[in-house]
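What follows is the residue order along each chain.
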Amino acid sequence: MRHRLILNNITHTFEDGGIQRTVLNNLNLQVSEGELVAVMGPSGSGKSTFLSIAGALLDPKGGEVLLDGESVSDKNKQELSDIRLHKIGFIFQSANLIPYLKVEEQLTLVAKLGNMNKRKAAERIRELLDMLGLNHRRSAYPDKLSGGERQRVAIARALMNDPAVLLADEPTASLDASRGMDVVRMLAEEARELGKSAVMVTHDERVLPLCDRVLYLENGGLIERK
Amino acid sequence: MYLAIREMRFAKVRYSLIAIIMLLVAFLVLFVTGLARGLAYDNAASIQNMDATHFIMEKDSNHRFTRSQISEQVLLQASSIVGEDNVQPLGVKMTTMTAEGKIGKLDVTLLGINPEGWLMPKLTEGAAITATGTGQVLVDRKLKDSGIGLGTVLIDQASGLKWTVSGFVNHESFSHSPAVFLNEHDWQQLQLTTITTPSATKWTDSTYNAVAVKANTHHKEQLTAVLADAEIVTKADAVSAIPGYKEEQGSLWMMIIFLFIISSFVLAVFFYVITIQKSSQFGILKAIGTRTGYLVRSVALQVLLLSAGSLVVSMLLIQATESILPSGMPFLLQSSTMALTSIAFVTMSLVGSLLSVWKVTKIDALDAIGRTAA
């Protein structure tokens, strides 16, 4: 089975009031195609740092990140931008959609940034919106959407450029239980059907049964608990 | 471009408000510029209309026509250098007149010229003056408002000389007073009645105030070398030395420059505040793979659209305003001036956006992770 996201011996330290604090210590993770991995851990355990490094937003002090087998170390800012655009789909807390773009425009923007051909983009937008049950909301602004709908748009936006990896940062934080379940179920389904490697950082224990694996971030490393 | 336009469409009120401010500033910039140019022209029209490149004036006259006295001899010397065709004598005298049969006095500037030479203005009404005739003058149209018509007799208050208006000319003034053109003969007569004390000037037979010349740099050097007691003044210098010219233009230019700075700052503040407000949004965009250059172009485009848009509307407004301005109002806005002003305005606007651009480049995509609200 192909691993689309691999983290090898990731180490990261912060300077905190003159003291070197090791946040991630030789962290290893391999996520295979179609798999959804949940990462849990208390506040301050380094979940955000972990996600930032996996998402090519932060350069780790040691180790390397491989996306589809390609290393993201030693890239300049623009190359990193392009990697994020094409290889990674982000789903943030409370969706973080662009407030002045309609639902379909949120996706068009991603297509434009990736220089996708117009016809192909229009077709893909229709597909994604159909798949996520958002077709009737295509010309609505984000402030007119419910929390669950917003998160579904965020998933569609993340999938728009057909990335290798989906990274979700507490996607259920602003949703009630059943909406949260729906969103994670959708995330798991898309990852499985489209063959993505998905990682979700979460606090929400209710959604864990929907994930293929649950990992705990402790002492800078990831531990599997049964 | 996609983002810039959609954001403006979405936040119509916000962007309309700033557009209105820009529109008002742009309108004021164009209006004051037009007024400054108009006043400049109205003030010194007669000198600016002259085809001369330089004026020969007496040394120590501070470039002022009315202070300078030049002799016939200088005129001859100058014509031997630059050629007879390129030299014209000029007399300038500010005076007060009365019109026969009318009450009230008029402030005018008498300009003594050779009617056959190239200082002769274009006639718009009546008959031209000739080199040989006497007692005939051409006057500026503006005097019509004071009841002066063809055939009206004007009496100079200082000398008591009388002249008959034989024709009208357009846009001829000096230091905001309407111009009255005399031929050389009448000018000499006027000089005789107001004899200059010989010791007060360097030449005993001083007859003119200045000599208008068409000269190139080479000629100018030669003239400077030969005419030790005279000064070669450029047309621009001569114009700005006209009483009141510099002061008037100075204050108007200060207004224009301040308006440019204000427009730049208004935009700078507006976009800086908006950019700070949107910094988490920019963070998200960067996180999902938007290049910083794209975001910078987006901000610059918005500034450009706002300033260019308000400029176009204000140009239309200016044109509408110009058509309803009273004719006495000196307003002159040539398309070249308008183009230059517009370029300066847009440039200043873009300068104003630099602060926001800098802010955008500083925003870190990392901010997007772990945030609860957009």
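About the cut-offs
- In this numbering scheme, every chain counts its residues from 1 along its sequence in written order.
- Chains carry letters and ligands carry numbers; both start at the beginning, A for chains and 1 for ligands, and go up in the order they are written.
- Reporting in this predicted model follows two pLDDT cut-offs: at least 70 for local features of residues, and 80 or more for side-chain atom pairs to be given and counted; totals over whole chains, interfaces and linings ignore these cut-offs and use all residues.
- Under the scheme used here, helices are H or I runs from DSSP no shorter than 4 residues and strands are E runs no shorter than 2 residues, and both carry numbers assigned from the N terminus.
- Once C-beta atoms are placed from the backbone, any two residues with those atoms within 7 Å are in contact.
- Each residue gets one label: Ala, Val, Leu, Ile, Met, Phe, Trp, Tyr, Cys and Pro are nonpolar, Asp, Glu, Lys and Arg are charged, and the others, such as Gly, are polar.
- Should DSSP find at least two bridges between two strands, the strands are taken to pair.
- Lines fitted to C-alpha atoms define the axes, with helix axes restricted to the stretch in contact, and inter-axis angles between N-to-C directions lie between 0 and 180 degrees.
- In this entry, domain limits derive from an automatic or database-based domain assignment.
- By convention in this section, buried Ala, Val, Leu, Ile, Met, Phe, Trp, Tyr and Cys residues joined through C-beta atoms within 7 Å make up a nonpolar core.
- Our exposure labels follow a C-beta count within 10 Å of each residue's own C-beta, placed from the backbone: buried means 20 or more other C-beta atoms, exposed means 12 or fewer, and partly exposed covers the counts in between.
- UniProt positions are given in the numbering used here, feature names are shortened, and annotations may be inferred rather than shown by experiment.
- Throughout, right-handed denotes a crossover for which the path from the first strand over the helix to the second runs clockwise when the strands point away from the viewer.
- Values of pLDDT, the confidence the predictor places in each residue, fall between 0 and 100.
- Oblique is the label for any angle not covered by the other classes, which are roughly parallel (under 35 degrees), roughly antiparallel (over 145) and roughly perpendicular (65 to 115).
- Helix crossings get a hand from a simple test, with the near helix turned counterclockwise from the far one by less than a right angle marking a left-handed crossing and a clockwise turn marking a right-handed one.
- One fewer than the residue count of a helix, multiplied by 1.5 Å, yields its expected span.

1. Comments concerning the overall build of chain A
Part 1 of the reasoning: A count of helical and extended segments in chain A gives 6 helices and 10 strands.
Part 2 of the reasoning: Taken along the three principal axes of its C-alpha coordinates, chain A extends 50 × 40 × 40 Å.
Part 3 of the reasoning: A separation of at least 24 residues holds for 73% of the contacts in chain A among residues at least 6 apart in sequence.

2. Some words on the interface of chain B and chain A
Part 1 of the reasoning: In this assembly, 22 residues from chain B lie in contact with 25 residues from chain A.
Part 2 of the reasoning: Listed by contribution, the elements that provide at least two residues to the side of chain B that touches chain A are α1 (2-10) and α8 (279-287) of chain B.
Part 3 of the reasoning: A per-class count over the side of chain B that touches chain A returns 13 nonpolar, 5 polar and 4 charged.

3. Looking at the sheet that holds strand β6 (residues 88-91) of chain A
Residue and element names in this part refer to chain A.
Part 1 of the reasoning: An order of β6-β7-β8-β3-β9-β10 is seen for the 6 strands of this open sheet, with the pairing classed as mixed. With partners counted over all chains shown, the strands left at the sheet margins are β6 and β10 (221-224), one partner each. Each strand axis lies, on average, 25 degrees off the axis of its neighbour in the sheet, ignoring direction.
Part 2 of the reasoning: Of the strand pairs in this sheet, strand β3 (residues 36-40) and strand β8 (residues 197-201) are connected by 4 bridges, and their pairing is parallel. Looking across to β8, one finds that Val37 is bridged to Val199.

4. As for the domain arrangement of chain B
Part 1 of the reasoning: Its domain assignment divides chain B into domain 1 (2-44 + 246-368) and domain 2 (54-214).
Part 2 of the reasoning: Each of domain 1 of chain B and domain 2 of chain B has a C-alpha centre, and the two are 47 Å apart.

5. A few points about the nonpolar core
Part 1 of the reasoning: Ranked by size, the top nonpolar core spans 163 residues in total, and within it A:Leu187, B:Ile56, B:Ala210 and B:Val211 carry the most contacts.
Part 2 of the reasoning: Counting only domains with at least three residues in this core, you end up with domain 1 (2-44 + 246-368) and domain 2 (54-214) of chain B.
Part 3 of the reasoning: Ignoring any residue separated from it by four or fewer positions in sequence, one finds A:Leu187 in contact with A:Leu36, A:Ile155, A:Leu166, A:Ala168, A:Pro171, A:Ala198 and A:Met200.

6. Remarks on the UniProt feature "transmembrane region" (unreviewed entry) in chain B
Part 1 of the reasoning: Within this structure's numbering, the places UniProt gives as "transmembrane region" (unreviewed entry) are residues 252-274, 294-318 and 338-358 of chain B.
Part 2 of the reasoning: End C-alpha atoms of residues 294-318 of chain B are separated by 35 Å, and the span's content is 100% helix alongside 0% strand.

7. With respect to the pairing of strand β7 (residues 165-169) of chain A
Residues and elements named next belong to chain A.
Part 1 of the reasoning: With 5 of 5 residues buried, β7 is to be regarded as a mostly interior element.
Part 2 of the reasoning: Taking every second residue as pointing to the same face, both faces of β7 are buried, with Val165, Leu167 and Asp169 on one and Leu166 and Ala168 on the other.
Part 3 of the reasoning: In the sheet, β6 pairs with β7 via 4 bridges, with the strands oriented parallel. Paired with Gly89 across the two strands is Leu166, which belongs to β7.
Part 4 of the reasoning: In this sheet, β8 lies alongside β7 in parallel orientation, the contact comprising 5 bridges. When the bridges of β8 are listed, Val165 appears paired with Ser197.
Part 5 of the reasoning: Each parallel crossover has a hand, and the one from β7 via helix α6 (residues 177-194) to β8 is right-handed.

8. So, the sheet that holds strand β2 (residues 19-32) of chain A
Whether parallel or antiparallel, the strands of a sheet pair through hydrogen bonds between backbone atoms.
Residues and elements named next belong to chain A.
Part 1 of the reasoning: Here 4 strands make up an open sheet; going across it, the order is β2-β1-β4-β5 and the pairing antiparallel. The open sheet is flanked by β2 and β5 (70-71), the only strands paired with a single partner.
Part 2 of the reasoning: Two strands pair when backbone bridges link them, and strand β1 (residues 3-16) and strand β4 (residues 62-67) are joined in this way by 5 bridges, in the antiparallel orientation. Within β4, the position partnered with Asn8 by the bridge is Glu64.

9. So, the confidence of the model for chain B
Part 1 of the reasoning: Per-residue pLDDT for chain B has a mean of 88; in total, 95% of the residues score no lower than 70.
Part 2 of the reasoning: Model confidence for the complex: the whole-complex pTM is 0.78, and ipTM, which rates the interface, is 0.89.

10. Section: the packing of α1(B) against helix α9 (residues 292-324) of chain B
Residues and elements named next belong to chain B.
Part 1 of the reasoning: Running from N to C, α1 and α9 point in directions that differ by 50 degrees, and their axes come no closer than 8 Å. With respect to each other, α1 and α9 are oriented oblique. The hand of the α1/α9 crossing is right-handed. Side by side, α1 and α9 meet where Leu3, Ala4 and Met8 of the first sit next to Ser298, Leu301 and Gln302 of the second.
Part 2 of the reasoning: Across the contact of α1 with α9, the residue classes break down as 4 nonpolar, 2 polar and no charged.

11. Describing the environment of B:Gly126
Residues and elements named next belong to chain B.
Part 1 of the reasoning: Residue position: Gly126 is located in strand β5 (residues 123-126).
Part 2 of the reasoning: A residue is classified by how many C-beta atoms lie within 10 Å of it, and Gly126, with 17 of them, is partly exposed.
Part 3 of the reasoning: Taking the C-alpha atoms as reference points, Gly126 and Ser280, separated by 154 residues in sequence, lie 75 Å from one another.
Part 4 of the reasoning: Among all residues touching Gly126, those that are not within four sequence positions of it are Leu150, Ser166, Gly167 and Phe168.

12. Some words on helix α5 (residues 147-159) of chain A
Residue and element names in this part refer to chain A.
Part 1 of the reasoning: The terminal C-alpha atoms of α5, which comprises 13 residues, lie 19 Å apart, in line with the 18 Å expected from a rise of 1.5 Å per residue.
Part 2 of the reasoning: Along α5, 12 of the 13 residues are buried, which leaves the element largely enclosed by surrounding structure.
Part 3 of the reasoning: Buried residues belonging to α5 abut β6, α3 (103-113), α4 (118-131), β7 and α6.

13. Considerations on the UniProt feature "domain: ABC3 transporter permease C-terminal" (unreviewed entry) in chain B
Part 1 of the reasoning: Those places that UniProt annotates as "domain: ABC3 transporter permease C-terminal" (unreviewed entry) correspond, in this numbering, to residues 254-364 of chain B.
Part 2 of the reasoning: Taken as a whole, residues 254-364 of chain B contains 85% helix and 0% strand, while its terminal C-alpha atoms sit 41 Å from one another.

14. Here we look at the pairing of strand β6 (residues 136-140) of chain B
All names here are of chain B.
Part 1 of the reasoning: In terms of residue burial, β6 counts as a mostly covered element, since 5 of its 5 residues are buried.
Part 2 of the reasoning: The alternating pattern of β6 places Gln136, Leu138 and Asp140 on one face and Val137 and Val139 on the opposite face, and all of these are buried.
Part 3 of the reasoning: Pairing analysis gives 5 bridges linking β6 to strand β8 (residues 162-169), with the strands arranged parallel. Bridge pairing links Asp140 to Val169 in β8.
Part 4 of the reasoning: Bridge count between β6 and strand β10 (residues 177-182): 2 bridges; the pairing is antiparallel. Opposite Val139, over in β10, you have Val180 as the bridge partner.

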